[in-house]
Amino acid sequence: MSTYTVEDPRKVTTRRLAEMKAKGEKIAMLTAYDYSMAKLIDEAGMDVILVGDSASNVMAGNMTTLPITLDQMIYHAKSVIKGTSRALVVCDMPFGTYQGNPIEALASAVRIMKESHAEAVKMEGGAEIIESIERILSAGIPVMGHLGLTPQSINKFGTYNVRAREEAEAEKLIHDAKLLEEAGCFAVVLEKIPAELAVKVSESLSIPTIGIGAGAGCDGQVLVMHDMLGINKGFSPRFLRRYADLGTVIEDAVGNYIKDVKNSDFPNESEQY
Ligand code: KIV
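If you're wondering where the values come from, they're calculated on a predicted model, not measured in any experiment.

**A word on the pairing of strand β3 (residues 88-92)**
Logical step 1: The buried fraction of β3 amounts to five of the five residues, a majority that puts the element mostly inside the structure.
Logical step 2: Residues Leu88, Val90 and Asp92 line one face of β3 and the alternating positions Val89 and Cys91 line the opposite face, and both faces are buried.
Logical step 3: Relative to β3, strand β2 (residues 48-51) runs parallel, the two being bridged by four bridges. Bridged to isoleucine 49 within β3 is valine 89.
Logical step 4: The β-α-β motif built from β3, the intervening helix α5 (residues 102-116) and the parallel element strand β4 (residues 120-124) has right-handed crossover chirality.

Laid out in structure tokens, this is it:
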């Protein structure tokens, strides 16, 4: 039984997100990678479902988001789209598919839109990739930006620590956020930056900011589904609120099933033909 009642049952669009920011209504975003979870999340009333390249970590077991391919992201996004009717579905552009040049970036984004039917793409970075963002936007594909801790650059950063604590990096982030807005991005994710900086960016933009580890001043929040449901048990950064302990629920259920099979308690008479 859902504990949240959707007040506006209309399909969420990029335009609707702009209206939400203008009205001061917070935006809820969560990742999903498959049909069944997307269906549950959509029915619970989520505004935006992100087919994150965090699939590389939580679905494929990689240490970073770098190895996931365009084909794999399209596979995940296609499954999510089939389970979604209200939420806006945004698909991450994976590492190496947009940084090279705008033509290659557009080709990657077009494949995502055509083959998965996702409704928008997300890209990590600011000034460095602005030409690729502009090219994709010029084809009518909505783009969500992503600044602060950008996990595709982990090998450059060297750590997953909070970003933009120093003035120079904070200034660059503010500048990049403005560039993304001016280019026509419909929203921007702010990952792991000081809350005060996130407030400053959110107040200076007319497009919504969606925070993860960026404090309460953002226009919306995003979490990785496996983290907030307690499936990814070893991951517990300060910003993460756990809404369930599904890891334990699953382990207990599977343990009970194994016990019942071993003891010949399953199936019983009513569970056979
Ligand atoms: O890939 C992802 O899940 C993300 C979110 C953490 C914003 O980019």
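**Observations regarding the packing of helix α4 (residues 70-82) against α5**
Logical step 1: Between α4 and α5, the shortest axis-to-axis distance is 9 Å and the interhelical angle comes to 35°. When the axes of α4 and α5 are compared, the crossing they make is right-handed. Along the contact surface, α4 presents Leu70, Asp71, Ile74, Ala77, Lys78 and Ile81, while α5 presents Ser108, Arg111, Ile112, Glu115 and Ser116.
Logical step 2: A per-class count over the contact of α4 with α5 returns five nonpolar, two polar and four charged.

Thresholds, definitions, all that
- Residues numbered from 1 in each chain as written.
- Predicted model: local features only at pLDDT ≥ 70, side-chain atom pairs only at ≥ 80, totals over all residues.
- Heavy atoms only, no water.
- Buried < 20%, exposed > 50% of the residue type's maximum accessible area, 1.4 Å probe, protein only.
- Helix = DSSP H or I, 4+ residues; strand = E, 2+ residues; numbered from the N terminus.
- Pairing = 2+ DSSP bridges.
- Right-handed = clockwise from strand over helix to strand, strands pointing away.
- Axes fitted to C-alpha atoms, helices over the stretch in contact; angles between N-to-C directions.
- Left-handed = near helix turned anticlockwise from the far one by under 90°.
- Contact = heavy atoms within 4.5 Å.
- Nonpolar A, V, L, I, M, F, W, Y, C, P; charged D, E, K, R; others polar.

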